[in-house]
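Commentary on secondary and tertiary structure
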Amino acid sequence: MTPPASTDEGTSASAPVAAHAATDAWRQANAFAAAADWPAAADCYARIAAAAPGDAAAWIGLAKARGRNGEYRAMHAAAMRAAAAGPRTWPHALALARLLRDLHETRALDALAADLVPRAHEAATDDMVALADLLGGEDLHRTALDWLDRASARDPAHAPAAYLRGSTRLFLGDMPGARDDLERAIARAPHFAHAHRRLSQLRATDRGGARARVDRLLAERAQVAPGSEHDIHFSHALFDELHDLGEHEGAWQALARGAAAKRASLRYDAADDAHLFEAIRAHGSRDFLAGPGHASDADAPRPLFIVGIFRSGTTLLERMLGGHSAIAEGGESMGFAAALRHALDHRARGVVDLETLRRADDIDWPALGAAFMAGNAWRAQGRAWWTEKLPTNALLLGLVARALPDARFVHAWRPPMDVCFSNLRMLYGGFAPWSYEQQELAAWHQGHAALMAHWRAVLGERLLDVAHADLVRAPEHELRRVLAHCGLAFEPGVLQPQRDGGAVATASAAQVRDGIRTPREPDWSPYRAHLGPLAAGLGITLD
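Residues numbered from 1 in each chain as written. Predicted model: local features only at pLDDT ≥ 70, side-chain atom pairs only at ≥ 80, totals over all residues. Heavy atoms only, no water.

1. Observations concerning empty space enclosed by the protein
Operational definition: The method works on a 1 Å grid over the protein atoms by themselves. A cavity is a set of points holding a 1.4 Å probe that cannot get out, a pocket is an open set with protein on both sides within 12 Å along at least five of seven lines, and residues with an atom within 4 Å of a point line them. Grid points are joined across faces, edges and corners, and a volume is the space filled by probe spheres set on the points. Note that Gly is not counted as nonpolar here; it falls among the polar residues with everything else outside the nonpolar set of Ala, Val, Leu, Ile, Met, Phe, Trp, Tyr, Cys and Pro and the charged set of Asp, Glu, Lys and Arg. For the purposes of this entry, the term helix denotes a DSSP run of H or I that reaches at least four residues, the term strand denotes a run of E that reaches at least two, and both are numbered from the N terminus.
By the definition in use, this model includes five cavities of 30 Å³ or more. Space inside the largest cavity adds up to approximately 60 Å³. When its residues are assigned to classes, the lining of the largest cavity shows seven nonpolar, three polar and no charged. Quantified by volume, the second largest cavity comes out at close to 40 Å³. Lining the second largest cavity are His 196, Leu 199, Ser 200, Arg 213, Arg 216, Leu 217 and Glu 241. If you list the elements that add at least two residues to the lining of the second largest cavity, you get α11 (193-200) and α12 (210-221). Of the residues assigned to the lining of the second largest cavity, the class counts are two nonpolar, two polar and three charged.

Dropping the structure here:
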């Protein structure tokens, strides 16, 4: 951590001595941090912060050291002290923004971005793009777009700014603007594989340009190292384009190449997840769920948790519910996972791990529920309900149900082959490591299905299943069921997911803006000859 450029010691004779001592303290703290001696670094940063409590840099250093030392609560406390102090430099502001993003302190991150507006002229273009990327990660897409507009005005040739601006405009529903930005990014950096991959998500808006895009993708992929991150993105983009063109053998070869390369880059053991699924079921008994939790005030908004495997229809369902006057779209918030980490003073790898379950016996459940509500009820925007649509909250459903007795749950689902193939064709990065190999994907699906069967048994009427096929075939009937689950009357607005407004930052960002699609032949059907391992893992016999 870089020490502040100036101090507040004043101009007395003792000022040079104090400044020298402060410099020595910073040098020592940074030396401990460089050596990964986090307890010693934390002690040094704590002394600096105590001597200069208005120095955001000291609190940032302390927060980082506490976090590296596994002290989640102390990390959070130091980061919030840094936010209250206000960083004096852009490097410190970005360091604080990364902390706030990591802690999922959405409102504090938004406030920091607002405070930095008068100092935008001090920032390099890369700084503004980095801030916008962090804002987008917390679904603050409109604020992110403001910063990307500034970055693009400053440097129209900045390819990362154009790429991120195009992605953000896609999430906000501006498809022509997104295409313009992404093409601009590619024009400046033809090898920019992430931009090509994002552009492939907009292919439905330019069917006529598909062949030219395929030729460009093939030419660019030929110039990168096989198995590289660029190769992975080019290959997945090629699959999407070739699939839509009906060139299924070439599409499969592209997908197999990209998925195999991505899987090779990840450390993952399916047995660990199988053990975790089993432990979650064992912990989430009916007796456990019957214990006391947080009792909300009668006029407080209530969360509706929408869960399901990725690509199961959760985005469409949330988008439809957001058309109701009493429901706000909360997006894929990590709100409950963050509150749980704070309650446990433990950061799980993912939303839950075995240590989370071990420590859960000591949780003050009413306090956890109250903390979640205090930190997240703003998402309701004055409405009676808000959606929490993080699919992996399925793993936390027992803990959520215990802490929040007033919460309700909806499980979106699709047939196993449909949802699994839809995951196989996606490029998620590292947060769904089970999705790149057929047998591992099947094992995850089966573990998730068993977990949802368990929740169905112990949660009873608090959990409602919604089949994606039923939602698109009979949307009014299904939405009436979901709204009744929340005690709400039907409103026609829920049948218009293609409406303007709102943000969708999932793999369905472009698709959901097209409205409700009628059922069609499964996307996996042309590839049945290649999907034997997936079908076998699911216990399905393909014709």
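2. Let's talk about helix α17 (residues 314-321)
As a reminder of what qualifies: To sort residues, take the accessible area from a 1.4 Å probe on protein chains only and compare it with the maximum for the residue type: under 20% means buried, over 50% means exposed, and anything in between is partly exposed. Contact between two residues is taken to exist if any of their heavy atoms lie within 4.5 Å; hydrogens are not considered.
A large share of α17 lies buried, amounting to eight of its eight residues. Packed against the buried residues of α17 are β1 (302-307), β2 (327-328), β3 (385-388), β4 (408-413), α24 (468-473) and α25 (475-485).

3. Notes on the sheet that holds β1
As a reminder of what qualifies: Strand pairing is defined by DSSP finding a minimum of two bridges between the two strands. Each axis is a line fitted through C-alpha atoms, taken for helices only over the stretch in contact, and angles between the N-to-C directions span 0 to 180 degrees.
One open sheet holds the five strands; their spatial order is β2-β3-β1-β4-β5, and the pairing between them is parallel. With partners counted over all chains shown, the strands left at the sheet margins are β2 and β5 (463-467), one partner each. In the sheet, β2 pairs with β3 via two bridges, with the strands oriented parallel. In the strand pairing of β3, Ile 327 is matched with Trp 385. Sheet strands in contact with helix α20 (residues 365-376) are β1 and β3, and its direction is about 100° off that of β3.

4. Let's talk about helix α4 (residues 72-85)
Heads up, the rule is: Multiplying one less than the number of residues by 1.5 Å gives the expected span of a helix.
For α4, which comprises 14 residues, the first-to-last C-alpha distance of 20 Å matches the rise-based estimate of 20 Å (1.5 Å per residue) to within 8%. Those residues of α4 that fall on the buried side of the exposure criterion are Tyr 72, Met 75, His 76, Ala 78, Ala 79 and Ala 82. Considering only its buried residues, α4 is in contact with α3 (56-68), α5 (90-102) and α18 (335-344). Backbone geometry just after α4 places Gly 86 at a positive phi near 85°.

5. Re the environment of Asn 69
Among the structural elements, Asn 69 can be located in the loop between α3 and α4. For Asn 69, a relative accessible area of 33% translates into the label partly exposed. For the pair formed by Asn 69 and Asp 272, sequence separation is 203 residues and the distance between their alpha carbons is 24 Å. Apart from residues no more than four positions distant in its own chain, Asn 69 is found in contact with Trp 38 and Pro 39.

6. Considerations on the packing of aromatic side chains
Under the convention used in this document: Pairing of aromatic rings covers Phe, Tyr and Trp, the last through its six-membered ring, and needs centres within 6.5 Å; plane angles under 30 degrees mean stacked, over 60 mean edge-to-face, and all others mean tilted.
A full pass over the atoms with the stated rule returns 18 aromatic pairs. Note on Tyr 163 and Phe 192: the rings are 5.1 Å apart at their centroids and 45° apart in plane angle, and the pair reads as tilted. One end of the pair, Tyr 163, is in helix α9 (residues 159-171); the other, Phe 192, is in the loop between α10 (175-188) and α11, and 29 residues separate them in sequence. As far as the burial class goes, Tyr 163 and Phe 192 line up, both buried. Aromatic side chains Trp 434 and Trp 444 sit 4.7 Å apart centroid to centroid with 0° between the ring planes, which places their arrangement in the stacked category.

7. Notes on the pairing of β3
Here β3 shows no split at all, with Trp 385 and Thr 387 on one side and Trp 386 and Glu 388 on the other all buried. Of the pairings in the sheet, the one linking β1 to β3 comprises four bridges and is parallel in character. From the neighbouring strand, Leu 304 faces β3, where its bridge partner is Thr 387.

8. Concerning the confidence of the model for the protein
What counts here: The quantity known as pLDDT measures the predictor's confidence residue by residue, on a range of 0 to 100.
With 92% of its residues at a pLDDT of at least 70, the protein reaches an overall mean of 92. Across the protein, helix α23 (residues 438-459) holds the top mean pLDDT of 98, while helix α1 (residues 15-34) sits lowest at 76. Note on residues 6-15: pLDDT is under 50 here. Beyond four places in sequence and across chains, it has five contacts.

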